[in-house]
Amino acid sequence: GESVGLHLPTLSVQEGDNSIINCAYSNSASDYFIWYKQESGKGPQFIIDIRSNMDKRQGQRVTVLLNKTVKHLSLQIAATQPGDSAVYFCADGEGRNTDKLIFGTGTRLQVFP
Amino acid sequence: KAGVTQTPRYLIKTRGQQVTLSCSPISGHRSVSWYQQTPGQGLQFLFEYFSETQRNKGNFPGRFSGRQFSNSRSEMNVSTLELGDSALYLCASSEQGTGNQPQHFGDGTRLSIL
């Protein structure tokens, strides 16, 4: 079956530095990818998404890169702030009129002063 | 616009009981999906509803069921509860359910089985 995996369970960065969170997926037919941020006691919060016909997409302080050749996805957070501390999940959307998402295991981002 | 609303926020049940969880999607959203989140298994897809029809189902036993109403609100039911059903149950909604637009999650219902 398809799976979405994360390389690192925990990432510690200094405030002001850039953060990079990586994710691998296995289904070459995957059409849609999405990143969520989950804070303690809350549900996942949408950060940014990207479709398979794109390589890069930018948001406010965040950039998602998609490398379909090696089935790799990354989330870059610029000038990381203490409020960015959370667990980050990538998810693979099967697309084609279904909202079913396959989630990765998550990476905990810790920001220290 | 109000976000996805899930009720109740917390529930405590005992083994063998059944439970019903409720989800109100964002106004205008027609697709509702449910996920189970546990420390061991992470976020796992339960099922998806669109226009009152179950469109997709995850790999969960038949004790897990759901439905969607004409106003897009959804409920999920778990019968004959087991200790392993203790989890955070999350509901997500999207506008068109096309699979290429973001889903927005509620804060979940924390279910504890004693």
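Because the structure is a prediction, the values reported are computed rather than measured.

(A) Layout of the interface of chain A and chain B. On the chain B side, the residues contacting the 21 residues of chain A number 24 residues. Counting each side, the surface lost to burial between chain A and chain B is near 1,800 Å², with a carbon and sulfur contribution of 49%. Here chain A and chain B share zero salt bridges between them. Along the contact surface separating chain A from chain B lie 16 residue pairs in polar contact (both at pLDDT 80 or more). Every element with two or more residues in the side of chain A that touches chain B is listed here: strand 4 (32-38), strand 5 (45-51) and strand 10 (101-103) of chain A. Looking at the side of chain A that touches chain B element by element, the count peaks at four residues for strand 4 of chain A. Residue classes in the side of chain A that touches chain B are distributed as eight nonpolar, six polar and seven charged.

(B) Up close: the pattern of salt bridges. All names here are of chain B. In the structure shown here, the tally under the stated rule is eight salt bridges over all chains. With its nearest N and O atoms 3.6 Å apart, the salt bridge here joins Arg63 to Glu82. Within this pair, whereas Arg63 is found in the loop between strand 6 (53-57) and strand 7 (64-68), its partner Glu82 is found in the loop between strand 8 (74-78) and strand 9 (87-94), the two being separated by 19 residues in sequence. Relative accessible area serves as the criterion here: at 15%, Arg63 is assigned to the buried category. By relative accessible area, Glu82 is classed as partly exposed at 42%. For Asp85, the salt bridge identified is with Arg63, shortest N-O distance 2.8 Å. Of the two residues, Asp85 sits in the loop between strand 8 and strand 9 while Arg63 sits in the loop between strand 6 and strand 7, which places them 22 residues apart along the sequence.

(C) Inspection of the pairing of strand 9 (residues 86-93) of chain A at higher detail. Residues and elements named next belong to chain A. Most of strand 9 is tucked away, with eight of its eight residues classed as buried. The pairing of strand 4 with strand 9 spans seven bridges and is antiparallel. Considered in strand 9, the bridge of Phe33 is made with Asp92. Direction of pairing for strand 9 relative to strand 10: antiparallel, over a ladder of three bridges. Bridge pairing in strand 10 links Asp92 to Ile102.

(D) Here's a closer look at the sheet that holds strand 1 (residues 5-7) of chain B. Residues and elements named next belong to chain B. Across the sheet, four strands lie side by side as 1-3-8-7; this open sheet has antiparallel pairing. The open sheet terminates on both sides in strands that have one partner only, identified here as strand 1 and strand 7. Within the sheet, the average angular offset between the axes of one strand and its neighbour, ignoring direction, is 20°. As judged from the five bridges shared by strand 7 and strand 8, these two strands associate in the antiparallel manner. Paired with Gln68 across the two strands is Ser74, which belongs to strand 8.

(E) Seen up close, the side chain of B:Gln36. Residue and element names in this part refer to chain B. Along the polypeptide, Gln36 turns up in strand 4 (residues 31-38). Of note is the side chain of Gln36, whose polar atom sits 3.0 Å from the side chain of Tyr89. With residues up to four places along the chain from it excluded, the contact list for Gln36 reads Gly42, Leu43, Gln44, Leu46, Phe60, Phe64, Gly84, Asp85, Ala87, Leu88 and Tyr89.

Scoring rules and cut-offs
- Residues numbered from 1 in each chain as written.
- Chains lettered and ligands numbered in written order.
- Predicted model: local features only at pLDDT ≥ 70, side-chain atom pairs only at ≥ 80, totals over all residues.
- Heavy atoms only, no water.
- Contact = heavy atoms within 4.5 Å.
- Buried area = accessible area lost by both parts, 1.4 Å probe.
- Salt bridge = Lys/Arg side-chain N within 4 Å of Asp/Glu carboxyl O.
- Polar contact = N/O pair within 3.5 Å; in protein donor to acceptor, adjacent residues only side chain to side chain.
- Helix = DSSP H or I, 4+ residues; strand = E, 2+ residues; numbered from the N terminus.
- Nonpolar A, V, L, I, M, F, W, Y, C, P; charged D, E, K, R; others polar.
- Buried < 20%, exposed > 50% of the residue type's maximum accessible area, 1.4 Å probe, protein only.
- Pairing = 2+ DSSP bridges.
- Axes fitted to C-alpha atoms, helices over the stretch in contact; angles between N-to-C directions.

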